[in-house]
Amino acid sequence: MTDLVVRPLVAGEEELFDSMPDPLPQLRQISYADGIAGGGYRPEHTWIALRAGRVVGRAAWLLLPGSVGEPWLERFDLDLAPATETASAVGAALLRTAHDALGGPKVYHAALPAYWRRQPEVRSVAEAAMAAARLAGLVERGERLRFSWAGGPLPAPSGRFSFRPAEDAAEIKALVARVGEPVVLTGAETARAVAGVDLARDPLAWLTGTPPGNWRVALDGDEPVGLAGPTADACFPMIAYLGLLDESVRAGTGLGELLADSVAALAADGAYEVVADVAAHRVAVVAELERTGFRRIRSRVVFAPA
């Protein structure tokens, strides 16, 4: 078999990167050419594996302009034509070589279609790349699901809870401090990589374009029981933050009603689509998103250096 050549991409070789067919065309993601134009993708952060001049593996690390963090692996595709095991070995060699040049392993966000485990042809693509990541020293750290609301009726409120805008930044900070762990965090990975901000602990440091009055506070009587940060000032309308202060709210209708209230606030300002990210293990939150009219559109399995 022809020897494998692993090397970084050279400026002007964008067409070579794109010469490999996209194994998951159903995913909505930025194109490599657009990433180069926007400055997030760079030739020195892009590596290819070639056999007989043909691209059999490609990896592109993303770092948005002005970021304070390290690049993360955003695109990682392998040619499965020979065999899954061979593809995984090629992928591991590609990653190891790139890691040496990049100063060590970096976080890998494996983007996958919704319900990827139920689709054999998608699962084979995903498992080959994941096996390569493990062989290269990365460890799986969890899965996050992206949901989208794209119109449609919202559930009617029960009448138990009321909702109001946050009074000011001080109230938001005080409520965030009382939330044990937010149940919805959208864009947390980007906030950490770009600005070094922990969205769960300091959302205002990331959502600087969202006025405090756009935040929504859920009340049971006069007592705050939930907080949401719907924003249309990011790259698209989203529920960037949603946390609950009372476990009884999680078990009841409060979570769904706070979701619906947040969507309604964004829709009233003209949003046609609202996205929300949630950890896959939060089964109750997933169920509430679906009941609120959200549908699953993407999964991301996170791998990190051991």
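Coordinates for the structure precede this section.
Description of the structure in this document. No experiment lies behind these values; they were computed from the predicted model shown.

### Regarding the overall build of the protein
Then, in step 1: Helix and strand content of the protein: 10 helices and 13 strands.
Then, in step 2: Seen through its principal axes, the protein has C-alpha atoms that stretch 70 × 40 × 35 Å.
Then, in step 3: The buried share among the 306 residues of the protein stands at 50%.
Then, in step 4: When contacts within the protein are restricted to residue pairs at least 6 apart in sequence, long-range pairs at least 24 apart make up 70% of them.
Then, in step 5: Here the protein has roughly 13500 Å² of accessible surface; of this, 54% comes from carbon and sulfur atoms.

### Details of the side chain of Ser67
Then, in step 1: For Ser67, the position within the fold is in the loop between β3 (54-62) and β4 (72-78).
Then, in step 2: With a relative accessible area of 17%, Ser67 lands in the buried category.
Then, in step 3: Dropping the residues within four chain positions of it, Ser67 is found in contact with Ala193 and Val194.

### Looking at helix α5 (residues 169-178)
Then, in step 1: Regarding α5, the residues found buried are Glu171, Ile172, Leu175 and Val176. Seen end-on, α5 carries its buried residues on one side only, within an arc spanning 135 degrees. In α5, the exposed residues that point more than 90 degrees away from the buried face are Ala170, Lys173 and Ala177.
Then, in step 2: Structurally, the start of α5 carries an N-cap: the backbone nitrogen of Ala170 is 3.2 Å from a side-chain oxygen of Asp168.

### A few points about the pattern of salt bridges
Then, in step 1: All chains considered together, the criterion is met by 21 salt bridges.
Then, in step 2: A salt bridge links Arg146 to Asp277, with the nearest nitrogen and oxygen atoms 2.7 Å apart. Pair noted here: Arg146 is in strand β6 (residues 138-149) and Asp277 is in strand β12 (residues 274-279), with a separation of 131 residues, a long-range link.
Then, in step 3: Asp277 sits in the buried class, given a relative accessible area of 4%.
Then, in step 4: Linking Arg192 and Asp198 is a salt bridge whose minimum nitrogen-to-oxygen distance equals 3.7 Å.
Then, in step 5: Note on Asp198: relative accessible area 30%, which makes it partly exposed.
Then, in step 6: Put simply, Arg58, Arg75 and Asp77 are held in one network by salt bridges that share partners.

### Let's talk about the side chain of Arg75
Then, in step 1: Secondary-structure assignment places Arg75 in strand β4.
Then, in step 2: The residues touching Arg75, leaving out its near neighbours within four places in the chain, are Phe17, Gln29, Ile30, Ser31, Tyr32, Tyr41, Arg58, Ala59 and Ala60.

### Observations regarding the nonpolar core
Then, in step 1: The biggest cluster of nonpolar side chains holds 30 residues, and the ones touching the most others in it are Trp61, Phe76, Leu95 and Tyr108.
Then, in step 2: Going through the elements one at a time, β3, β4, α3 (84-102), β5 (108-113), α4 (120-135) and β13 (295-305) are the ones with two or more residues in this core.
Then, in step 3: Of the residues forming this core, the biggest block, 8 residues, is contributed by α4.
Then, in step 4: Counting residues in hydrophobic clusters, the runner-up holds 25 residues, among them Leu255, Leu259, Val274 and Phe294.

### Focus on the environment of Asp18
Then, in step 1: Relative to the assigned elements, Asp18 resides in helix α1 (residues 14-18).
Then, in step 2: In the structure, Asp18 is positioned 58 residues away from Phe76 in sequence and 12 Å away in space, judged by C-alpha atoms.
Then, in step 3: Discounting residues that sit within four places of it in the chain, Asp18 has contacts with Tyr32 and Arg58.

### As for the packing of aromatic side chains
Then, in step 1: Within the structure shown, the criterion is met by 5 aromatic pairs.
Then, in step 2: Seen from their ring centres, Phe76 and Tyr108 are 5.7 Å apart, and the 85 degrees between their planes marks the pair as edge-to-face. Highlighted residues: Phe76 in strand β4 and Tyr108 in strand β5, separated in sequence by 32 residues.
Then, in step 3: Tyr108 sits in the buried class, given a relative accessible area of 4%.
Then, in step 4: Look at Trp215 and Tyr241: their rings are 5.7 Å apart centre to centre, the planes differ by 50 degrees, and that puts the pair in the tilted class. Of the two residues, Trp215 is situated in the loop between α7 (203-206) and β9 (216-220) and Tyr241 in strand β11 (residues 238-244); the sequence distance between them amounts to 26 residues. The same class applies to Trp215 as to Tyr241, namely buried.
Then, in step 5: Linked through ring pairs, Phe17, Tyr32 and Tyr41 together constitute an aromatic cluster.

### Examining the environment of Gly38
Then, in step 1: For Gly38, the position within the fold is in helix α2 (residues 32-38).
Then, in step 2: Accessibility expressed as a relative area gives 52% for Gly38, which makes it exposed.
Then, in step 3: Separated by 153 residues in the primary sequence, Gly38 and Ala191 place their C-alpha atoms 18 Å from one another.

### Focus on the environment of Pro212
Then, in step 1: Along the chain, Pro212 falls in the loop between α7 and β9.
Then, in step 2: For the pair Pro212 and Pro165, spaced 47 residues apart in sequence, the C-alpha separation works out to 7.8 Å.
Then, in step 3: Not counting the four nearest positions on each side in its chain, Pro212 is found in contact with Ala166, Asp168, Ala169 and Ile172.

Rules of the game
Residues numbered from 1 in each chain as written. Predicted model: local features only at pLDDT ≥ 70, side-chain atom pairs only at ≥ 80, totals over all residues. Heavy atoms only, no water. Helix = DSSP H or I, 4+ residues; strand = E, 2+ residues; numbered from the N terminus. Buried < 20%, exposed > 50% of the residue type's maximum accessible area, 1.4 Å probe, protein only. Contact = heavy atoms within 4.5 Å. Areas by Shrake-Rupley, 256 points an atom, 1.4 Å probe, with all protein chains shown as cover. Arc of directions from axis to C-beta. Polar contact = N/O pair within 3.5 Å; in protein donor to acceptor, adjacent residues only side chain to side chain. Salt bridge = Lys/Arg side-chain N within 4 Å of Asp/Glu carboxyl O. Core = buried A, V, L, I, M, F, W, Y, C linked by side-chain atoms within 4.5 Å. Phe/Tyr/Trp six-rings, centres within 6.5 Å; stacked < 30°, edge-to-face > 60°.

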